[in-house]
Amino acid sequence: MDLSSINPVLLVASLMVAATPIMLAAIGELVVERAGVLNLGVEGMMITGAICGFIVAVNTGSPWLGFIGAAIGGAILSLLFGVLTQLLLSNQVATGLALTLFGLGLSALMGQGYIGIKAPAFPDWDVPLLSDIPVIGPIVFQHDPMVYVGIFLVAAVWAFLKYSRAGLVLRAVGENHEAAHALGYHVIRVRLLAIMFGGACAGLGGAYLSLVRVPQWTEGMTAGAGWIALAIVVFASWRPWRLLLGAYLFGGVTVLQLNLQAAGAAIGVAYLSMAPYLATIAVLVIMRAGRAPGSLGQSFHASR
């Protein structure tokens, strides 16, 4: 095994890229869960966003339009979940699992004519002067725009939840929906908007895989990323900045195992491939999660 072939600067830079799809999906799910809704359909929304974004990008030649299409696709699929759970009061766990299975099947059907097609290029942004700084430049200032969009979303969600009145209302709905309703807040409306935001973010995360990471369409290409996003929300104790740390931790282990494979590590490829998921489980076991929102997973009906 030749560890000298592993460039630490490129390793850290690749970590940020690998973490981005997980981060995008997880920050959306964090908002959903802070509103008191448990949506286990993140994987289905991600894979739907991946194919929707890929189709739009290939047919328009614009990756940016592809990401917009992915966000819309994820939001529409999440709205289906919202109608079933918030208006028809179906079980959130069962509906979320069904949403994942539905998304996987729908994406496979939609993507049949797009296998083997390459997505339009989505170039990196080199920040003038800053990208030329040794070590820091390649790590921080030479990424594609969606890496920065993901970090911006984490900061925006943190500020929204902490400082805005709408964020306070969302947190109130998630902590005690009965009390929030008694105060005159529209619980169902708040939750539906949160669910659609979470779906849009999951769609962006899926599109990042099909438009930037690969970039092509492959059935099941999310490969459990949605479940990792759910785990990272718990690891983060429903806090945005801790979620960023969790996403980078998973991205770092993912990139490290790929580099170890390339370096000829005397460890089975299957074991190395399992490493990111085992690391996520280990962190969840070691780290003690904070208190979940009080109304998480509970259905609300105004007439009760």
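For the structure itself, look to the data block above.
Quick look at the structure, then. (Residues numbered from 1 in each chain as written. Predicted model: local features only at pLDDT ≥ 70, side-chain atom pairs only at ≥ 80, totals over all residues. Heavy atoms only, no water.)

Side note on a nonpolar patch on the surface
Thought 1: A contiguous nonpolar surface patch, about 650 Å² in accessible area, is contributed by Leu79, Leu80, Val83, Leu84, Leu87, Leu88, Phe102 and Met196.
Thought 2: Ranked by residues supplied to the nonpolar patch, first place goes to helix α3 (residues 63-87) with 5 residues.
Thought 3: Note on placement: leucine 84 falls in helix α3.
Thought 4: Assessed through its relative accessible area of 31%, leucine 84 is described here as partly exposed. (Patch = residues over 30% accessible without salt bridge, like charges linked within 9 Å, V, L, I, M, F, W, Y side chains within 5 Å. Areas by Shrake-Rupley, 256 points an atom, 1.4 Å probe, with all protein chains shown as cover. Salt bridge = Lys/Arg side-chain N within 4 Å of Asp/Glu carboxyl O. Helix = DSSP H or I, 4+ residues; strand = E, 2+ residues; numbered from the N terminus. Buried < 20%, exposed > 50% of the residue type's maximum accessible area, 1.4 Å probe, protein only.)

Considerations on helix α4 (residues 92-110)
Thought 1: Between its first and last C-alpha atoms α4 spans 26 Å; for 19 residues at 1.5 Å apiece the expected length is 27 Å, and the two agree.
Thought 2: In the core, the buried residues of α4 are packed alongside α2 (42-60), α3 and α10 (225-235).
Thought 3: Where α4 begins, the side chain of asparagine 91 points an oxygen toward the backbone nitrogen of valine 93, at a separation of 3.0 Å. (Expected span 1.5 Å × (residues − 1). Contact = heavy atoms within 4.5 Å. Polar contact = N/O pair within 3.5 Å; in protein donor to acceptor, adjacent residues only side chain to side chain.)

Some remarks on the environment of isoleucine 232
Thought 1: Looking at the secondary structure, you find isoleucine 232 in helix α10.
Thought 2: Those residues in contact with isoleucine 232, other than ones at most four positions away along the chain, are Ile22, Ala26, Leu243, Gly246, Ala247 and Phe250.

Notes on the side chain of serine 237
Thought 1: Along the chain, the position of serine 237 falls in the loop between α10 and α11 (240-262).
Thought 2: Polar contacts involving the side chain of serine 237 include one to the side chain of arginine 242, which spans 3.2 Å.

What to know about the packing of helix α7 (residues 165-175) against helix α9 (residues 187-213)
Thought 1: Where α7 contacts α9, the axes come no closer than 10 Å and their chain directions differ by 105°. Between α7 and α9, the crossing angle belongs to the class labelled roughly perpendicular. For the pair α7 and α9, the contacting residues are Val169, Leu170 and Val173 in the first and Val187, Val190, Arg191 and Ala194 in the second.
Thought 2: Counted by class, the contact of α7 with α9 contains 6 nonpolar, no polar and 1 charged residues. (Axes fitted to C-alpha atoms, helices over the stretch in contact; angles between N-to-C directions. Parallel < 35°, antiparallel > 145°, perpendicular 65-115°, else oblique. Nonpolar A, V, L, I, M, F, W, Y, C, P; charged D, E, K, R; others polar.)

Points about the packing of aromatic side chains
Thought 1: Under the counting rule described, the total for this entry stands at 5 aromatic pairs.
Thought 2: With centroids separated by 5.3 Å and ring planes inclined at 50°, the aromatic side chains of phenylalanine 67 and phenylalanine 122 adopt a geometry described as tilted. Of this pair, phenylalanine 67 sits in helix α3 while phenylalanine 122 sits in the loop between α4 and β1 (125-126); the two residues are 55 residues apart in sequence, bridging distant segments of the chain. For the pair shown, phenylalanine 67 and phenylalanine 122 are each scored as buried.
Thought 3: Both rings, one in tryptophan 158 and one in tyrosine 163, keep their centres 5.6 Å apart while their planes meet at 85°; by these two values the pair is edge-to-face.
Thought 4: The ring of phenylalanine 235 has arginine 242 lying over it, and the distance from NZ or CZ to the ring centre is 5.4 Å. (Phe/Tyr/Trp six-rings, centres within 6.5 Å; stacked < 30°, edge-to-face > 60°. Lys NZ or Arg CZ within 6 Å of the ring centre and 35° of its normal.)

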